[in-house]
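# Inside the fold
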Amino acid sequence: MTGLSKSIAAAAILAALTVTALPQGANAERPARTNPVGAGWDSKVRQSPSHAGQALTAEQLEAINAVNTYFNQLSNLQGRFEQTNPDKRLQRGKFYLMRPGRFRFEYRRPSRQVIISDGTYLAIQDLDLNNEDVYSLENTPFRILLRDRVDLLRDAKILAVQHSDHQIAVTLTDKSPDAPGQITVYLARGETPELAGWVTTDMQGGVTKVEVSDLSRPDSLRKELFERKTLFMNSIR
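Here's a quick rundown of the structure. Note that this is a predicted model, so its numbers are computed, not measured.

## So, the nonpolar core
Within the largest apolar cluster, 39 residues are counted, with the highest numbers of intra-cluster contacts made by Phe71, Phe103, Leu152, Ile158 and Leu195. No other element matches the six residues that helix H2 (residues 58-72) contributes to this core. By size, the runner-up hydrophobic cluster in this structure holds five residues, among which are Tyr96, Met98, Leu221 and Leu225.

Printed below as a string of structure tokens:
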């Protein structure tokens, strides 16, 4: 993979995880908020930030509560993911999630990128280039879905809710001004709801779509999966 391809991939990874905050130590203006909308869905609920939730119907409230319940009942999750980048290039890999706050995405070769959240910081590590970008998890809207108690009406501004017999989609943004960005979360409806994926849009309007599959809920996951490794140790020795 060329240096340019790696840069494009890294930007897509950031969008896929809805990270629009600045890396730790960066000194720049906060990016403008994006507006991701899932493909095939029309936004039916758009409210001003000060009245978020006021116009929600009973059916939409039920859909939001279904998302709350899904994540609140979730402890461990693992599976496979397929990421469609803005340039339509596909990336695949495995992911592991341990609530509250921890997850790991391992991208399949030729990419050698790993994304790790230890519950406090989110690190994007490039094992080919031996570098990483680190973000505070608290400065990303992804934190809303990974906190100990998920309550979207309490912690998020609900921008859109779509629901059918087969799927629920909720577009939200964090109420905290320190966590810019938006995310559309998809749950597949069946005997029990299951995470289907999410969609984000980057600053240039490029859409990144992540779909998950082969999901399982193990009783436990190795804590080492969520520990950041020192990338530069070999070069120091």
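Following the structure, the description resumes.
## Notes on the side chain of Gln91
Tracing the backbone shows Gln91 in strand E2 (residues 90-98). Looking at Gln91, its side chain comes within polar contact range of the side chain of Asn85, at 3.1 Å.

## Section: the packing of aromatic side chains
As enumerated under the stated definition, the model contains six aromatic pairs in all. With a centroid separation of 5.2 Å and 70° between ring planes, the pair formed by Phe81 and Phe105 is classed as edge-to-face. Of the two residues, Phe81 is situated in strand E1 (residues 76-84) and Phe105 in strand E3 (residues 102-107); the sequence distance between them amounts to 24 residues. We note that Phe81, like Phe105, is buried. The exposure class of Phe81 is buried, given its relative accessible area of 3%.

## Some remarks on unusual backbone geometry
For the bond running from Arg99 to Pro100, omega is 0°, close enough to zero to count as cis. Cis geometry marks the peptide bond from Arg109 to Pro110, where omega comes out at 15°. Notably, Lys88 is not glycine yet its phi reads approximately 75°, a positive angle. Along the chain, Lys88 turns up in the loop between E1 and E2. With a relative accessible area of 67%, Lys88 lands in the exposed category. With a phi close to 50°, Asp214 is a non-glycine residue in the positive phi region. Residue position: Asp214 is located in strand E11 (residues 207-216).

## Quick word on the pattern of salt bridges
The full count for this structure, using the stated rule, is eight salt bridges. A salt bridge links Arg92 to Glu82; the nearest nitrogen and oxygen atoms lie 2.9 Å apart. Taken together, the residues span a long stretch of sequence, with Arg92 in strand E2 and Glu82 in strand E1 at a distance of 10 residues. A salt bridge links Glu224 to Arg222, with the shortest nitrogen-to-oxygen separation between them at 3.5 Å. Residue classification places Glu224 among the partly exposed residues on the basis of a relative accessible area of 38%. With a relative accessible area of 51%, Arg222 lands in the exposed category. Members of the salt-bridge network, linked through shared partners, are Arg147, Arg154 and Asp155.

How each quantity is defined
- Residues numbered from 1 in each chain as written.
- Predicted model: local features only at pLDDT ≥ 70, side-chain atom pairs only at ≥ 80, totals over all residues.
- Heavy atoms only, no water.
- Core = buried A, V, L, I, M, F, W, Y, C linked by side-chain atoms within 4.5 Å.
- Buried < 20%, exposed > 50% of the residue type's maximum accessible area, 1.4 Å probe, protein only.
- Helix = DSSP H or I, 4+ residues; strand = E, 2+ residues; numbered from the N terminus.
- Polar contact = N/O pair within 3.5 Å; in protein donor to acceptor, adjacent residues only side chain to side chain.
- Phe/Tyr/Trp six-rings, centres within 6.5 Å; stacked < 30°, edge-to-face > 60°.
- Salt bridge = Lys/Arg side-chain N within 4 Å of Asp/Glu carboxyl O.

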